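Chain and residue survey
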Amino acid sequence: MENKDLLFERIYELLNQKQPNKILEILSTLQPQDIAEILNADYFEQKQKNIIFRLLKKDLAAQVFVELDNDMQENLIKGFSDNELHQMLNELFVDDAVDIIGEMPSSVVKRILKNCTKDMRGDINDILAFDKDSAGSVMTPEYIALKSDMTVREAFLRIRKEGIDSETIYTCYVLDRSRHILGVITVRELLLANEESLIKDIMNENVIFVETVSDKEEAAKILKKYDFLAVPVVDKEKRLVGIITVDDAIDVLVEETTEDIAKMAAVTPIDQSYFKTGVFKHSLSRILWLIVLMISATVTGFIITYYEEAFAAVPLLIACLPLLMGTGGNCGSQASTMIIRGLAVDEMHTRDVFKVWWKEIRISLVVGIVLAIVNTIRVFLLYGFSKEIILLAITNALALLFTVSLAQTLGCLLPIGAKAIKLDPAIMAAPLITTIVDALSVTVFFACAVWVFGM
């Protein structure tokens, strides 16, 4: 797409000059996503956006409509006549229609369902009946089904006939009379086969599938693992009821990653975008965790108060606390981030807990020794040499070694533990780890100080 600002200015001028044909010439050179970006922009008034959208041909308009943000979709639907809405819905795939319905107010949903065909309305209701986190909720029932006794030539005739209404034609599924999957075959394999070959002789009988009740993230991971363009979805009787395509899988992974990032920052996930979420809702998503973490931090305050006499005996101890607490929190955050990521991409599993812990312990020893050496040099440079300073440096070195080991142990064990009890490992991220490590590091520091200084 050319420079966005220049493109917007050009279209704006043509709108004012009432030259729709020239606008259509420009739009015909753009991808649906680029046109959607034009319509989503605040540069144009809603009336102008409606004019631009109505210039598009039906099939292109449907592709653009799917890419629009929810507010723009709602505004367009409100401006459609029933006939226009019916035509638009006929061009949409069922899974796209379901996504749109999920974001619309009830009045708009009723109008959409009213103007759907009977078959589409049934498919939409079937998909909406599934749990929002299940594979069934993101599948589409529009796929190519073949019979095992078909020839390759007959298969192509079926693909040409039904392909226009299918989400993808590259991967085809071979079914029996009861819609059980017998095999899978790609268009590439069909193109390379003899026209008179039977499908049952060339299909792949080792079919990888997910069930409707499976987690949708599991389906996305299968597509990623095997480089599929689609994965079949079966019901309890192992009958094919739909497919999940790679574009839907990407949406699932983006959604899951967004949720994990929010949880790792101690923020309750929000479905809407940042700018479309109100200040009050943003505040609510953050305040609960902040209260929990703030109250938890009082434990650290009690520990510091308990060792008040140590502060009085060696005032320099208080100057070492921020460094120790910060380092411990950082180490714990690093470890938890790596483990959460490993669990998310199936690089590690709960059964690997001791293997992971043993690796993190060795890492913590290397990191702890390096940090202890660097900090000892820092202490001597700042405070010079004396018996008290030497003891302070030893205290810091020991405390760093123990704190780093504890922090990285917690950083690896807590996310794996959360996974084991069916919680999202992302909740065991930086804020929570840091709060726990702060209390432990203070305890470790003063324990070392009491032992080294003989208090």
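Presented here is an overview of the structure given in this document. (Residues numbered from 1 in each chain as written. Predicted model: local features only at pLDDT ≥ 70, side-chain atom pairs only at ≥ 80, totals over all residues. Heavy atoms only, no water.)

Observations concerning a negative patch on the surface
Selection rule: The patch calculation keeps residues exceeding 30% relative accessible area without a salt bridge and links them within 9 Å when they carry like charges or within 5 Å when they are nonpolar (Val, Leu, Ile, Met, Phe, Trp, Tyr). Computed by Shrake-Rupley with a 1.4 Å probe, the accessible areas treat only the displayed protein chains as cover when residues are assessed. We count a salt bridge whenever a side-chain nitrogen from Lys or Arg sits within 4 Å of a carboxyl oxygen from Asp or Glu. For the charge count, each Lys or Arg is scored as positive and each Asp or Glu as negative, with His and the chain ends excluded. Charged groups are reduced to one reference atom each: NZ for lysine, CZ for arginine, CG for aspartic acid, CD for glutamic acid. For the purposes of this entry, the term helix denotes a DSSP run of H or I that reaches at least four residues, the term strand denotes a run of E that reaches at least two, and both are numbered from the N terminus. The buried label applies to any residue whose accessible area, calculated with a 1.4 Å probe on protein chains only, is under 20% of its type's maximum; exposed applies above 50%, and partly exposed to all values in between.
On the surface, Glu67, Asp99, Glu103, Asp247 and Asp251 cluster together into a patch of negative charge. Position of Asp247 relative to the elements: it lies in helix H15 (residues 246-264). Of the residues examined, Asp247 reaches a relative accessible area of 35% and is grouped as partly exposed.

Details of empty space enclosed by the protein
Selection rule: Grid spacing is 1 Å over the protein atoms alone, the probe is 1.4 Å, and a cavity is where that probe fits but cannot get out, while a pocket is an open set with protein on both sides within 12 Å along at least five of seven lines and lining residues have an atom within 4 Å of a point. Grid points are joined across faces, edges and corners, and a volume is the space filled by probe spheres set on the points.
On inspection of all chains with the given rule, the structure shows two cavities of 30 Å³ or more. Size it by volume and the largest cavity reaches roughly 60 Å³. Along its surface, the largest cavity is lined by Phe65, Ile77, Leu85, Met88, Leu89, Leu92, Ala97, Ile100 and Ile112. For the lining of the largest cavity, the secondary structure elements donating two or more residues are helix H7 (82-91) and helix H8 (94-102). Looking at the lining of the largest cavity element by element, the count peaks at three residues for H7.

Quick word on the layout of surface pockets
Its boundaries defined by the atoms lining it, the second largest pocket holds a volume of some 1,100 Å³. Lining the second largest pocket we find 31 residues, and of these Glu217, Lys221, Leu343, Ala344 and Lys419 sit closest to its centre. Ranked by the residues each element gives to the lining of the second largest pocket, the list is headed by H15, at eight residues.

Concerning the pairing of strand E3 (residues 181-186)
Operational definition: At least two bridges found by DSSP between two strands is the condition for calling them paired.
Across the six residues that make up E3, a large majority, five, are buried. Hairpin connection of strand E2 (residues 171-175) to E3: five residues between the antiparallel strands, including Arg179 at a positive phi of 70°.

As for the pattern of salt bridges
For the structure on display, the rule yields 13 salt bridges. In this structure, Glu84 and Arg54 form a salt bridge, with 2.5 Å as the shortest nitrogen-oxygen distance. Residue Glu84 is located in helix H7, and its partner Arg54 is located in helix H4 (residues 46-54); the two are separated by 30 residues in the primary sequence. Across the pair Arg153 and Glu196 runs a salt bridge, and its minimum N-O distance is 2.9 Å. Highlighted residues: Arg153 in helix H11 (residues 152-162) and Glu196 in the loop between helix H12 (187-192) and helix H13 (199-202), separated in sequence by 43 residues. On the basis of relative accessible area, Arg153 is assigned to the partly exposed category, the value being 43%.

Concerning the packing of helix H5 (residues 58-67) against H7
Definition in use: Angles here are taken between N-to-C directions and fall from 0 to 180 degrees, while the axes themselves are lines fitted to C-alpha atoms, restricted in helices to the stretch in contact. Geometric relationships in this document are graded by angle, where less than 35 degrees denotes roughly parallel, more than 145 denotes roughly antiparallel, 65 to 115 denotes roughly perpendicular, and other angles denote oblique. Residue contacts follow a heavy-atom distance rule, with two residues in contact if any of their heavy atoms lie within 4.5 Å. Polarity classes work like this: nonpolar for Ala, Val, Leu, Ile, Met, Phe, Trp, Tyr, Cys and Pro, charged for Asp, Glu, Lys and Arg, and polar for all others, with Gly in that last group.
Between H5 and H7, whose axes approach to 9 Å, the crossing angle comes to 80°. One way to sum up the angle between H5 and H7 is to call them roughly perpendicular. Residues Lys58, Asp59, Ala61, Ala62 and Phe65 of H5 lie in contact with H7, whose contacting residues are Gln87, Met88 and Glu91. Looking at the contact of H5 with H7 residue by residue, the classes come out as four nonpolar, one polar and three charged.

A look at the packing of helix H1 (residues 4-16) against helix H2 (residues 20-27)
What counts is decided by this rule: Left-handed describes a crossing whose near helix is turned anticlockwise from the far helix by less than a right angle; the clockwise case is right-handed.
At their nearest, the axes of H1 and H2 sit 8 Å apart, and the two run at 155° to each other. On the basis of their axis angle, the class for H1 and H2 is roughly antiparallel. Every pair of crossing elements has a handedness; the one defined by H1 and H2 is left-handed. Facing H1, whose interface residues are Leu7, Arg10, Ile11, Leu14 and Leu15, H2 presents Lys22, Ile23, Ile26 and Leu27. The class makeup of the residues in the contact of H1 with H2 is seven nonpolar, no polar and two charged.

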